[in-house]
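# Architecture and fold: a report
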Amino acid sequence: MHAFKYHRPASIDAAAALAKGEAKLLAGGQSLVQAMKLRLASPSDIIDLGAIKSLAGIKSDGKTVTIGAMTRHAEVNHSADVKKAIPALAAMAGMIGDRQVRAMGTCGGSIANNDPAADYPAAVLALNATITTNKGRHEADKFFKGMFDTALQPGEIVTSVSFQVPKRAAYMKFKNPASRFAIVGVFVADFGGMVRVAVTGAGPGVFRQPEMEKALAAKFAPESVANIKVKQDGLNTDLHASAEYRAHLVTVMAKRAVEAALK
Amino acid sequence: MSVKVSLKVNGKPATAEVEERTLLVTFIRETLRLTGTHVGCDTAQCGACTVSMNGKAVKSCSMLAMQAEGADITTIEGVAKADGTLHPMQAAFKEHHGLQCGFCTPGMVMNAIDFANSHANPSEQEIREALEGNLCRCTGYHNIVKAIGAGAKAMAAAAAG
Ligand SMILES: Cc1cc2nc3c(=O)[nH]c(=O)nc-3n(C[C@H](O)[C@H](O)[C@H](O)COP(=O)(O)OP(=O)(O)OC[C@H]3O[C@@H](n4cnc5c(N)ncnc54)[C@H](O)[C@@H]3O)c2cc1C
Ligand code: FES
Ligand code: FES
């Protein structure tokens, strides 16, 4: 790991003032610290958000569930409020990595990182979330820009993410057994007449599946998606799975997610 | 350049000037000389470096020492009683042959203690899921799973007095 200067600001404003040039924000460190060890990232300064109390916590008001950027995956997984309002979101957080990773990894870190196989981006997109930062708001549909890229400007700090409470929802993930990241993950959310289907792991970034959304809006049932053939063009081929296999898995996971949402 | 890190390790205050890029595991092993916490992979995969931070199991190779500033850390050296009586989870690993070479064991035990604190009587399935972040090259996990089940029950019994 290359040397850097370390900062531990106590407020969002102080963090924002430091977030310049080659500086990088540090949340749980579960992606960034490993990337720094591999010298994939060599920031001049590390701005540790760990001491900013206002960035952590969960609020639920019936219509939305708002998760602070520094809220750990384990907290979301165990939160009674999240389990009550959006059980699929609590369950998704419990599927990330392993229990040690969930004790450190954060909501803000996951979405800012936008790993193409990460779970949170699927939840953000399917639950039509709003991402609040120190500079304003981003809609889910305009936030994810493909592999490891988002609408965040340099130095912009995610403060919280507000998820819309659906009528019913479920997330199904076909895990890579070694890394636990999604080979394909599908998050289905039914808002009553309007359905959102978000797919992670399959392509270079999270995306919606409009054909499935339309079919499910007409009839929210597994058979509505069971015969939808997903095109393999643009999907990932790597040592874990071919594009053809991933395309097939999208339909299988979508069908299972609808089944789970109906339970 | 250096920063001052102050935390508690196994109940005792520990303060040192360290390089900013010092990992928590490096601080524990090299500054404090507590070498029971192991480094297996150094890439967040194997869990050999697992310690407890404020009661929660974390991978100490995947965080900076400064991320533990002000925290309460427990390592494998801190779980037995001062008179050497093993922690119920350690005793269960011994009893059920939950180790062969022992390299993964400190991380297994630290993760298992945190897990058992919220699972007094876990199922085999729950234990296997809890071990997703810990790798063992020797045992095939079977006896580790048995040990954790027994250790969890023993911890609950000890807590009930
Ligand atoms: C073994 C292992 C298995 C994993 N498995 C999964 C998995 O199955 N699914 C999954 O989704 N993820 C998985 N992860 C990733 C994990 O969820 C990470 O915690 C997450 O991707 C990053 O969150 P973090 O809080 O650790 O962020 P960090 O690593 O601290 O930061 C990540 C990036 O986000 C930026 N950032 C952090 N916070 C903010 C903020 N508030 N505003 C703006 N930018 C910010 C940082 O500058 C950095 O670029 C795994 C990780 C490990 C080590
Ligand atoms: S050494 Fe930390 S997870 Fe392997
Ligand atoms: S006992 Fe040898 S690695 Fe687990």
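What you see is a predicted model; the values in this text were computed from it and never measured.

Let us now look at the site of ligand 1. The full set close to ligand 1 counts 31 residues, and A:Leu25, A:Gly29, A:Leu32, A:Thr106 and A:Asp119 are the nearest of them. Chains contributing residues near ligand 1 are chains A and B. At 2.9 Å from an oxygen atom of ligand 1 is found a main-chain nitrogen or oxygen belonging to A:Gly28. Within the backbone of A:Gly97, one N or O atom sits 3.0 Å away from an oxygen atom of ligand 1. When isolated, ligand 1 has an accessible area of 980 Å², and the protein chains bury 95% of it. Elements with a contribution of two residues or more to the shell around ligand 1: strand E2 (23-26) and helix H7 (107-113) of chain A. If you tally residues by element for the shell around ligand 1, the top one is H7(A), at four residues. Residues that form the shell around ligand 1 fall into these classes: 14 nonpolar, 12 polar and five charged. Shared between two domains, the shell around ligand 1 takes at least three residues from each, and those domains are domain 1 (5-164) and domain 2 (168-261) of chain A.

Let us now look at the domain arrangement of chain B. Residue and element names in this part refer to chain B. As assigned here, chain B comprises domain 1 (2-77) and domain 2 (88-160). With centres defined by C-alpha atoms, the gap from domain 1 to domain 2 works out at 21 Å. With 18 residues of domain 1 at the interface, the matching set in domain 2 holds 12 residues. Here domain 1 is connected to domain 2 by zero salt bridges. Residue assignment for the side of domain 1 that touches domain 2 shows that the elements contributing at least two residues are strand E3 (50-53) and strand E4 (56-59). Considered class by class, the residues forming the side of domain 1 that touches domain 2 number six nonpolar, 10 polar and two charged.

The rules behind each value
- Residues numbered from 1 in each chain as written.
- Chains lettered and ligands numbered in written order.
- Predicted model: local features only at pLDDT ≥ 70, side-chain atom pairs only at ≥ 80, totals over all residues.
- Heavy atoms only, no water.
- Near = heavy atom within 4 Å.
- Polar contact = N/O pair within 3.5 Å; in protein donor to acceptor, adjacent residues only side chain to side chain.
- Areas by Shrake-Rupley, 256 points an atom, 1.4 Å probe, with all protein chains shown as cover.
- Helix = DSSP H or I, 4+ residues; strand = E, 2+ residues; numbered from the N terminus.
- Nonpolar A, V, L, I, M, F, W, Y, C, P; charged D, E, K, R; others polar.
- Domains from an automatic or database assignment.
- Contact = heavy atoms within 4.5 Å.
- Salt bridge = Lys/Arg side-chain N within 4 Å of Asp/Glu carboxyl O.

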